Amino acid sequence: MVGYPESLTDPSYRGQILVLTYPLIGNYGVPSHDVIDPILKDLPAYFESNQIHIAGLVVGQASPEFSHHLAETSLGDWLRREGVPAIYGVDTRAITKRIREEGVMLGKILLPTSVVGGSGSSAGDEVSAVLSDYQDVAWVDPNATNLVAEVSCKEPRLYLPPTTDETPLLKRPDGKTVRIVAVDIGMKYNQIRCFVKRGVEVLVVPWDYDFLAETNIDGLFLSNGPGDPTTLTVTIERVQKALALQKYPIFGICLGHQVLALASGAQTEKMKYGNRGQNIPCTDMLTSRCYITSQNHGYAVKAETLPPNVKELFVNANDGSNEGIYHTDKPYFSVQFHPESNPGPRDTEVLFDIFLSTVTRCLESGVQGPVEFPGTEAAQARRQQLEQWERDLDSDNLDKTGRIVNGRRIRKVLVLGSGGLSIGQAGEFDYSGSQAIKALKEEGIYTILINPNIATIQTSKGLADKCYFLPVTADCVRKVIKHEQPDGIYCTFGGQTALNIGVKMKDEFEGLGVQVLGTPIDTIMLTEDRELFASAMAEIGEKCAKSHAANSIEEAITAANDIGYPLIIRAAYALGGLGSGFASNEEELVALCRKAFAASPQVLVERSMKGWKEIEYEVVRDSFDNCITVCNMENFDPLGIHTGDSIVVAPSQTLSDEDYQMLRTTAVNVIRHLGVVGECNIQYALNPHSREYCIIEV
């Protein structure tokens, strides 16, 4: 979907024909190769190496037109300039299915002789009959060559951190800057960026370089790369000696992970088709947290061959393969996935911080102890709390069905439904409410629904155990709670009406004996009150448009004079843009405020970003802080055209990987800071001529 400039220049893909399964590729073009990275000085800013490493590209549909402020050329022109063959109009999902069934295999891209000249294929009678009009090329097995030697640097190169106030240097006890020696076995440029932007020096050395002779080394890093790890005998032997020396911490990624495992005494194996993609879930074995990762590998570490003092750190949640290891006594660890991303989520980039904190701790103490992974103690405390609740409730002679939440067994739940379909509570809430009811029933929880709209899916026979066709009002909800005596209530699956009921009855729920499940009411109030929401975003340094909350028309006029026209007026406690609009002068402002105050006690007077891209992310977070973005969307029309009058395309079509991941990371940070539990939507305005963005609402 995004990230093709980064993927095509990833050295790990050396010599491979890359098949992209997303149906439309090339929408945002290709940036200039001449733009230099401001941190790495003489390396390109938007690529992962200085050339395309794939042998060929196969896509379903290629877009010759592109739209992005950084784009210089189309994907097709870039491939042509680099001399890389590519083909489109292919059923890439059929190819994917065949690879999954048969495993990875050698392949060719053959072009018609009428285009490239030469003679037709002579591979055999049957093949020749089909391919007689296509060129004949020899089979090439990339694994028959030393791919690492092809992609590794040829001589050592030192990269220095930027000397700015924004990047404090990481110092040794003697005052020198910390230096990491990085063994380049196919290193992506973003791995170098991830180190130097954290204030350390990085000495990048060739794959066969004798780093054991280096005297100025505080930590050893083993990069990603292509091919079979068992062929890197020289590198493996030197890492074995480094492990025995116990002088400095070691961190490996991808091929570097496999090299560290082999040096530790484990074995690797070739996978049937490998793991390649940007949305692969991995479970942290220390905390049970799940992370979405970027991956590109065809070999894996055999977990059953790990020595007793080396444990699994991450496991692939899809196929159960090993995704990381750590030493129980020494500062050595590695991961199979790509925490540096590019392309892909940035969720695990914190591993660079963990490695560097281990380096500084070892330098300060002089002791080579194990890596300290944050969150481990908290996860252990959480597990102990859950076990304690289980013991406390084990003596309960009543029905033990349901789930334990905050020390209470939840057997019966009330869901506030979507009600009438309108702006702010349209069909998506009927869908989400229906899914919630299905999930609750799968957990064996008795489900009660309040929804007066008989035309919704969630009121269908067989979904909820009991359905009240009553208005979603405080009086009706209160009566149903007293009659049914549910253990919990959900206020987040019914749109704006249900949210408002939750806020109105916030102080009654405890007295009624019902526990609010999912997103806390305080969080709902925080997102609904525009002034509180803007303050909450400022707490984590996130960007909202300059704005002021107003409780009267007079306050709105004062705010407008401070910000300046044009403005956008938004009503609080109203989803879907109800009561909102643009004002170019005071007369339009007053008219909009009168309309907004008729439906809301507060309005937000905000800088206008008319003409910017409007982007949305759907985010889900659970009570254990696992957080994913289900999808993102891009409005066909720019900001200023209401979504209800426009077209929304999912996923986005004109965002680069850096744009996409920037907004995704922000979405995750915001949802965690607000304390949302369950699903939510975050909306952005994105400047089409830069990476400037503002959060509109959650």
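Residues numbered from 1 in each chain as written. Predicted model: local features only at pLDDT ≥ 70, side-chain atom pairs only at ≥ 80, totals over all residues. Heavy atoms only, no water.

Chemist: Report on the pairing of strand 20 (residues 412-416), specifying residues and quantitative values.
Modeler: Taken across its five residues, strand 20 has four buried, putting it largely inside the fold. Relative to strand 21 (residues 446-450), strand 20 is paired through five bridges, and the arrangement is parallel. The residue of strand 21 that forms the bridge with K412 is Y446. (Buried < 20%, exposed > 50% of the residue type's maximum accessible area, 1.4 Å probe, protein only. Helix = DSSP H or I, 4+ residues; strand = E, 2+ residues; numbered from the N terminus. Pairing = 2+ DSSP bridges.)

Chemist: Go over the sheet that holds strand 26 (residues 567-571) with me, naming the residues and quoting the values.
Modeler: If you walk across this open sheet you meet the four strands as 25-28-26-27, and the pairing is antiparallel. Two strands lie at the open edges of the sheet, namely strand 25 (547-550) and strand 27 (581-583), each paired on one side alone. On average, each strand axis in the sheet is inclined to that of its neighbour by 25°, with strand direction left out of account. Both strand 25 and strand 28 (residues 603-607) contribute to a ladder of four bridges, which runs antiparallel. Counterpart to A550 in the pairing with strand 28 is V603. The sheet strands contacting helix 17 (residues 553-563) are strand 25, strand 26 and strand 28, and the helix crosses strand 25 at an angle near 170°. Most of the contacts of helix 18 (residues 586-597) go to strand 27, to which it runs at about 150°, and overall it touches strand 25, strand 26, strand 27 and strand 28. (Axes fitted to C-alpha atoms, helices over the stretch in contact; angles between N-to-C directions. Contact = heavy atoms within 4.5 Å.)

Chemist: An account of the sheet that holds strand 20 is requested, with residue identities and associated values reported.
Modeler: The sheet built from five strands is open, its strands ordered 22-21-20-23-24 with parallel pairing. One side of each edge strand has no neighbouring strand; the edge strands of this open sheet are strand 22 (466-468) and strand 24 (515-516). Direction of pairing for strand 23 (residues 488-490) relative to strand 24: parallel, over a ladder of two bridges. Within strand 24, the position partnered with I489 by the bridge is V516.

Chemist: Lay out the pairing of strand 29 (residues 613-621) with the relevant residues and their values.
Modeler: In terms of burial, strand 29 is a largely internal element, seven of the nine residues being buried. In terms of strand pairing, strand 29 meets strand 32 (residues 678-686) through nine bridges, oriented antiparallel. Bridge pairing in strand 32 places V620 opposite E679. By the bridge criterion, seven bridges tie strand 29 to strand 30 (residues 627-635) in an arrangement that is antiparallel. Bridge pairing in strand 30 places R621 opposite C627. In textbook terms, the turn of a hairpin is the stretch between consecutive antiparallel strands, and for strand 29 and strand 30 this stretch comprises five residues, one of which, D625, has a positive phi near 75°.

Chemist: I'd like a rundown of the packing of aromatic side chains, residues and numbers included.
Modeler: Applying the stated criterion across every chain yields a total of 19 aromatic pairs. An angle of 85° between the planes, with centres 5.0 Å apart, marks the rings of F314 and F337 as edge-to-face. One end of the pair, F314, is in strand 15 (residues 310-316); the other, F337, is in the loop between strand 17 (332-335) and helix 10 (350-365), with 23 residues separating them in the sequence. Residue classification places F314 among the buried residues on the basis of a relative accessible area of 3%. Overall, F337 belongs to the buried group, its relative accessible area being 0%. Taking 5.6 Å as the distance between ring centres and 90° as the angle between the ring planes, the aromatic pair formed by F333 and F373 counts as edge-to-face. Of this pair, F333 sits in strand 17 while F373 is found in the loop between helix 10 and helix 11 (376-394), placing the two residues 40 residues apart along the sequence. (Phe/Tyr/Trp six-rings, centres within 6.5 Å; stacked < 30°, edge-to-face > 60°.)

Chemist: Hey, could you go over the environment of E555 for me, with residue numbers and the actual values?
Modeler: As for its placement among the helices and strands, E555 is situated in helix 17. Relative accessible area serves as the criterion here: at 39%, E555 is assigned to the partly exposed category. Distance from E555 to V472, taken between C-alpha atoms, is 33 Å for residues 83 residues apart in sequence. Excluding residues within four positions of it along the chain, E555 makes contact with A549 and A550. From its side chain, E555 meets the backbone nitrogen of N551 in a polar contact 2.8 Å long. (Polar contact = N/O pair within 3.5 Å; in protein donor to acceptor, adjacent residues only side chain to side chain.)

Shape descriptors only; they carry no functional weight alone.
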